[in-house]
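Commentary on secondary and tertiary structure
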Amino acid sequence: DSGVTQTPKHLITATGQRVTLRCSPRSGDLSVYWYQQSLDQGLQFLIQYYNGEERAKGNILERFSAQQFPDLHSELNLSSLELGDSALYFCASSAAGAAPSNTGELFFGEGSRLTVL
Amino acid sequence: AQKVTQAQTEISVVEKEDVTLDCVYETRDTTYYLFWYKQPPSGELVFLIRRNSFDEQNEISGRYSWNFQKSTSSFNFTITASQVVDSAVYFCALSEAGPWYNQGGKLIFGQGTELSVKP
């Protein structure tokens, strides 16, 4: 158990719909990252938040947005869903910047599997 | 641009065999991090190792060992005496050094190598 919690674990929805994926990082971790794993694109970095602020962006579509709340949990919002958005979405957290002993390890949640029909 | 290549898509071995998973990376940065992650059939991503670009010492952890060679831009992973529980997809990843609040979190992953260990 990595300590990172993602909900829901599975989600099936229709094209054009909007969904929200939720992530609770490990206790004390300030950084949250979102990754997408699909068959054709592999594992891709989407976006990072640090202590509530967006810090880095990757290949995130304009239809997708994210935020990190004061309690440090994060949500990834996916709208106007298309068939190609079907993927496993991972959240990860790290103690980046917290201490010299930080190994830089990213702790991944179990993922939220989104199926768009 | 940064890139990670895992040329081996699938590898199948018999239990107790040694197996090496190859990883070749490209980056223009002089400071960067390299990672290996394991994704078992259950789907989660499990951290195995992180290595920074200034540390070329090979590392051994039990049956696992890693060979980092900057001269060939490779970071290969060897499992000695493989076991059925080692069956998983293994990902190599690269990250730029980045600012202090993003120490290696923005990873570029290879396509993964699916390892199947048969009894």
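**Things to note about the overall build of chain A**
- Looking only at helices and strands, one finds zero helices and 11 strands in chain A.
- Overall, chain A shows an N-to-C arrangement of helices and strands of β-β-β-β-β-β-β-β-β-β-β.
- Taken against the 2.2 N^0.38 rule, which gives 13 Å for 117 residues, the C-alpha radius of gyration of chain A at 14 Å falls within 12% of a compact globule.
- Projected onto its principal axes, the C-alpha coordinates of chain A cover approximately 45 × 25 × 25 Å.
- Taking all 117 residues of chain A together, the buried fraction comes to 52%.
- Counted over contacts in chain A with a minimum sequence separation of 6, partners at least 24 positions apart contribute 55%.
- Entry remark: accessible area of chain A is about 5500 Å², with carbon and sulfur atoms responsible for 47%.
- Here chain A holds 8 positive side-chain charges and 12 negative ones, and the gap between their average locations is 2 Å.

**What to know about the state of the cysteines**
- Under the definition given, this model contains two disulfides over all chains.
- Here Cys-23 of chain A connects covalently by a disulfide to Cys-91 of chain A, the sulfurs 1.8 Å from one another. Of note, the bridge from Cys-23 of chain A to Cys-91 of chain A carries an S-S torsion of about -55 degrees and is left-handed in sense. Linking Cys-23 of chain A in strand β3 (residues 19–24) with Cys-91 of chain A in strand β9 (residues 87–94), this pair joins segments that are 68 residues apart in sequence. For the residue pair Cys-23 of chain A and Cys-91 of chain A, the accessibility class agrees, reading buried in each case.
- Cys-23 of chain B shares a disulfide with Cys-92 of chain B; S-S distance 1.9 Å.

**What to know about the sheet that holds strand β1 (residues 5–7) of chain A**
Residue and element names in this part refer to chain A.
- The four strands lie next to each other as β1-β3-β8-β7, forming an open sheet whose pairing is antiparallel. The open sheet has two free edges, formed respectively by β1 and β7 (64–68), since each of these has just one partner strand. On average, each strand axis in the sheet is tilted by 15 degrees relative to the strand beside it, whichever way the strands run.
- Direction of pairing for β3 relative to strand β8 (residues 74–78): antiparallel, over a ladder of five bridges. By the bridge assignment for β8, Leu-21 is matched with Leu-76.

**With respect to the pairing of strand β9 (residues 74–79) of chain B**
Residues and elements named next belong to chain B.
- Alignment of strand β3 (residues 19–21) against β9, held across three bridges, turns out to be antiparallel. The partner of Leu-21 across the bridge, within β9, is Phe-77.
- Here strand β8 (residues 64–69) pairs with β9 via six bridges, running antiparallel. Its bridge partner being in β9, Gln-69 is matched across the sheet by Ser-74.

**Here's the deal with the confidence of the model for chain B**
- Of the residues in chain B, 93% have a pLDDT of 70 or more, and the chain-wide mean is 91.
- Within chain B, β3 of chain B carries the highest mean pLDDT (98), whereas strand β7 (residues 59–61) of chain B carries the lowest (87).

What counts and how
- Residues numbered from 1 in each chain as written.
- Chains lettered and ligands numbered in written order.
- Predicted model: local features only at pLDDT ≥ 70, side-chain atom pairs only at ≥ 80, totals over all residues.
- Heavy atoms only, no water.
- Helix = DSSP H or I, 4+ residues; strand = E, 2+ residues; numbered from the N terminus.
- Rg over C-alpha atoms; globule rule 2.2 N^0.38 Å.
- Buried < 20%, exposed > 50% of the residue type's maximum accessible area, 1.4 Å probe, protein only.
- Contact = heavy atoms within 4.5 Å.
- Areas by Shrake-Rupley, 256 points an atom, 1.4 Å probe, with all protein chains shown as cover.
- Lys, Arg positive; Asp, Glu negative; His and termini not counted.
- Charge placed at Lys NZ, Arg CZ, Asp CG, Glu CD.
- Disulfide = S-S within 2.5 Å.
- Pairing = 2+ DSSP bridges.
- Axes fitted to C-alpha atoms, helices over the stretch in contact; angles between N-to-C directions.
- pLDDT = per-residue confidence, 0-100.

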